[in-house]
Amino acid sequence: MSDGQGVCVITGAGDGTGASVARRFAAGGYAVAMLARTEQWAAVNSGSRGYVCDVGDLDHLTATLASVKQDLGAPTVAVHNAVMADFKTVLDADPAKFEKIFRVNTTALMVLAQAVVPDMLAAGHGAIIVTGNTSAWRGKPRFTMFAPTKAAQRILAQAMARDLGPQGIHVGYVTIDAAIDTPWTRPIMRADMPDDFFCKPSAIADEIWHLAHQDRSAWSFDVEIRPFGEDW
C-alpha cells in the first residue's frame, strides 16, 4: 500500500515514455503500477510493481486494475500511454486489426477510467493523463487504421474532462509532435538525425508530472509538446 503521494498506474510502461513516467512519479513519492504486454520493466522504487497486461484484452485489463488496487491502493493518477498502430491505406486496411487498435488506444481508456474514477470521486481529487500525437488531429493516407483511433481517444478524453473536471478530477491530453528518443526509434526511423531532433522521454515525463499536478484554478486539457526545431 502506498504511504507517500499516492498511487500512479501507467499503461504501456515499456522502456520509452512509459518507463520515464514511472521513474518521474516514483521520484515524486508515488507507488507506481506499471502495465505492459511483456515483463520489461525494472522496479523504480520500493513501492512499485509491474503487471503483465495486454490492455487490448479488456477483461484482463479490468482484472489487472483490480489487482493494482488490492496490492498498492486506489490510483490517484492514471496515465494511459499504451498504444497500438498499423499503417495502411484504406484499401489495404484489415477491419479486425483496426478494431484491435481501437481497443488498445481508445476502449482501454474507457475501461481504465471506469476502474479508477469511483475512488477518485470518493477522494475528491485525481488525474487522468492520456498521451497522444498529431494523428489525433489529422488523417493521412497510410494512417487509416491509426488516426481514427487517436482522434476518438482524444474526444473521449475531452468528454471525460468536461464530465469529471467539475467533480475534482483533472483529465489532460498530451499531443507529442515528435519522434521520441527511444532505443527503437533512432535506428528504425531517423538514425541520421542529431539529438536535438528527438523529444526526450524524461522531458515528456516531466510535462505529464506537471499536468497531473496543476493548480486546480488553472487546469489544462490540450497540451502540445515538440522539439524546439520541429517544423510545424
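In what follows, the accompanying structure is described. Within each chain, residues carry numbers counting from 1 in the order of the written sequence. Reporting in this predicted model follows two pLDDT cut-offs: at least 70 for local features of residues, and 80 or more for side-chain atom pairs to be given and counted; totals over whole chains, interfaces and linings ignore these cut-offs and use all residues. Values shown for side chains rest on all heavy atoms present in the structure; no hydrogens or waters enter the calculation.

**Digging into the packing of helix H3 (residues 95-123) against helix H4 (residues 147-164)**
Operational definition: Working convention: axes come from line fits to C-alpha atoms, limited for helices to the stretch in contact. Angles between N-to-C directions cover 0 to 180 degrees. Strands are runs of DSSP state E lasting at least two residues, helices are runs of H or I lasting at least four, and both sets are numbered from the N terminus onward. In what follows, roughly perpendicular refers to angles from 65 to 115 degrees, roughly parallel to angles under 35, roughly antiparallel to angles over 145, and oblique to any angle outside these ranges. Crossings are assigned a handedness: left-handed for a near helix turned anticlockwise from the far helix by less than a right angle, right-handed for a clockwise turn. The contact criterion used is simple: two residues touch if any of their non-hydrogen atoms lie within 4.5 Å.
Closest axis-to-axis distance for the H3/H4 pair is 9 Å, and the angle between their directions is 15°. As judged from the angle between their axes, H3 and H4 are roughly parallel. Relative to H4, the crossing made by H3 is right-handed. Every residue of H4 that contacts H3 at Phe98, Ile101, Phe102, Asn105, Thr106, Leu109, Met110, Ala113 and Val117 is listed here: Pro148, Thr149, Lys150, Ala152, Gln153, Leu156, Ala157, Met160 and Leu164.

**Points about helix H2 (residues 58-72)**
Quick note on the threshold: In a helix, the anticipated span is given by 1.5 Å times the number of residues less one. For every residue, the accessible area (1.4 Å probe, protein chains only) is compared with the maximum for its type, and the residue is labelled buried under 20%, exposed over 50%, or partly exposed between those bounds. By arc we mean the arc of the directions from the helix axis to the C-beta atoms, nothing more.
With 15 residues, H2 ought to run about 21 Å at 1.5 Å a step, and its terminal C-alpha atoms sit 21 Å apart, in line with that. Those residues of H2 that fall on the buried side of the exposure criterion are Leu61, Thr64, Leu65, Val68 and Leu72. On an axial view of H2, the arc spanned by its buried residues comes to 100°, and they lie on one face. Facing away from the buried side of H2 by over 90 degrees, the exposed positions are Asp59 and Gln70. Taken together, the buried residues of H2 touch strand S1 (6-11), strand S2 (30-36), strand S3 (49-52) and H3. Just past H2, the residue Gly73 takes up positive phi, approximately 115°.

**A look at the pairing of strand S5 (residues 126-132)**
Test applied: Handedness rule for crossovers: strands pointing away from the viewer, path from the first strand over the helix to the second running clockwise, crossover right-handed. One bridge is not enough; two strands pair if DSSP finds at least two bridges between them.
Among the 7 residues of S5, 7 are classified as buried, and the element is accordingly described as predominantly covered. Every second residue of S5 is oriented toward a common face, with Gly126, Ile128, Val130 and Gly132 on one face and Ala127, Ile129 and Thr131 on the other, all of them buried. Following the chain from strand S4 (residues 77-80) across H3 to the adjacent parallel S5, one finds a crossover that is right-handed. Inspection of the sheet shows S5 paired to strand S6 (residues 169-176) by 7 bridges, in the parallel sense.

**A closer look at H4**
Here H4 is 18 residues long and its end C-alpha atoms lie 25 Å apart, about the 26 Å a rise of 1.5 Å per residue gives. Within H4 the residues assigned to the buried category are Ala147, Thr149, Lys150, Gln153, Arg154, Leu156, Ala157, Met160, Ala161 and Leu164. Looking at the buried side of H4, the elements it contacts are S4, H3, S5, S6 and strand S9 (222-225).

**Side note on the environment of Asn81**
The following threshold applies: A 3.5 Å cut-off defines polar contacts: any pair of N or O atoms within that distance qualifies, except that in protein one atom must be a possible hydrogen donor and the other a possible acceptor, and neighbouring residues in sequence count only when both atoms are side-chain atoms.
Structurally, the position occupied by Asn81 is in the loop between S4 and H3. Each C-alpha atom of the pair Asn81 and Asp181 lies 15 Å from the other, and the pair is 100 residues apart in sequence. Setting aside chain neighbours within four positions, we find Asn81 in contact with Thr11, Gly12, Thr17, Gly18 and Thr131. Of the polar contacts made by the side chain of Asn81, one reaches the backbone oxygen of Gly12; its length is 2.9 Å.

**Considering the sheet that holds S5**
Taken in spatial order, the 7 strands of this open sheet run S3-S2-S1-S4-S5-S6-S9, and their pairing is parallel. Looking at which strands have only one partner, the edges of the open sheet turn out to be S3 and S9. Pairwise comparison of adjacent strand axes, ignoring direction, gives a mean angle of 20° for this sheet. Pairing between S6 and S9: 4 bridges, direction parallel. When the bridges of S9 are listed, Thr175 appears paired with Glu224.

**Brief notes about the pairing of S6**
In summary, the side chains of a regular strand alternate between the two faces of the sheet. The buried count for S6 comes to 8 of 8 residues, which makes it a mostly enclosed element. The two faces of S6 match: Ile169, Val171, Tyr173 and Thr175 on one face and His170, Gly172, Val174 and Ile176 on the other face are all buried.

**Topic: the pattern of salt bridges**
To be explicit about the condition: Should a side-chain nitrogen of Lys or Arg be within 4 Å of a carboxyl oxygen of Asp or Glu, the pair is scored as a salt bridge.
Overall, the coordinates contain 8 salt bridges when judged by the stated rule. For Asp86, the salt bridge is made with Lys97, and the minimal N-O distance between the two is 3.1 Å. Of this pair, Asp86 sits in the loop between S4 and H3 while Lys97 is found in helix H3, placing the two residues 11 residues apart along the sequence. One salt bridge connects Arg154 with Asp222, and the closest N-O pair in it is separated by 2.7 Å. Within this pair, whereas Arg154 is found in helix H4, its partner Asp222 is found in strand S9, the two being separated by 68 residues in sequence. Taking relative accessible area as the criterion, Arg154 reaches 10% and is therefore assigned buried. What makes Asp222 partly exposed here is its relative accessible area of 33%. Several salt bridges share partner residues, and in doing so they unite Asp177, Glu224 and Arg226 into one network.

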